[in-house]
Amino acid sequence: MDRLPSISDAASLSRGGRLRPTELVDHCLTRIRQSEDRVHAWVRVNEQGARAEAERLDDLACQGRFLG
C-alpha cells in the first residue's frame, strides 16, 4: 500500500477482502514512526493495542462480520 485510503475506501476495501485491518494498522503505524519526530502529533501511540484490535477485526472479517 503506497498511500493511505480514505476511511470510506478502507471500509469498502476491507468488506471486499482487499484490505485487512492489520494491513491498514501496520501502514498507519509505519507512517507515524516515519513522521512523528517532525510533526509531533501524538502524545502516546499504543502500537500493541492497535495491533491487537486489528487482529480481532481480521478474525471477525473472516467470519463475514464487518464492524466498519
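Residues numbered from 1 in each chain as written. Predicted model: local features only at pLDDT ≥ 70, side-chain atom pairs only at ≥ 80, totals over all residues. Heavy atoms only, no water.

S.K.: How should the side chain of D58 be read in this particular structure?
M.R.: Positionally, D58 belongs in helix α3 (residues 47-62). Engagement of the side chain of D58 in a polar contact is seen with the side chain of T22, the distance being 2.6 Å. Discounting residues that sit within four places of it in the chain, D58 has contacts with R20, P21 and T22. (Helix = DSSP H or I, 4+ residues; strand = E, 2+ residues; numbered from the N terminus. Polar contact = N/O pair within 3.5 Å; in protein donor to acceptor, adjacent residues only side chain to side chain. Contact = heavy atoms within 4.5 Å.)

S.K.: What should I look at first to understand the side chain of T22 in this one?
M.R.: Relative to the elements of secondary structure, T22 occurs in helix α2 (residues 21-39). At a separation of 3.1 Å, a polar atom in the side chain of T22 contacts the side chain of R20. With residues up to four places along the chain from it excluded, the contact list for T22 reads R51, A54, E55 and D58.

S.K.: In this structure, what is going on with α2? I would like to understand it.
M.R.: Quick reminder: α-helices carry 3.6 residues per turn. Residues three or four places apart thus point the same way. Where α2 bends most, at R33, the angle is about 40°. Here α2 has its buried residues at P21, T22, V25, H27, L29, I32 and E36. Those residues of α2 hidden inside the fold are in contact with α1 (7-15) and α3. Following α2 by one or two positions, H40 has its phi on the positive side, about 50°. (Bend = angle between axes of the 7 residues up to and from the residue. Buried < 20%, exposed > 50% of the residue type's maximum accessible area, 1.4 Å probe, protein only.)

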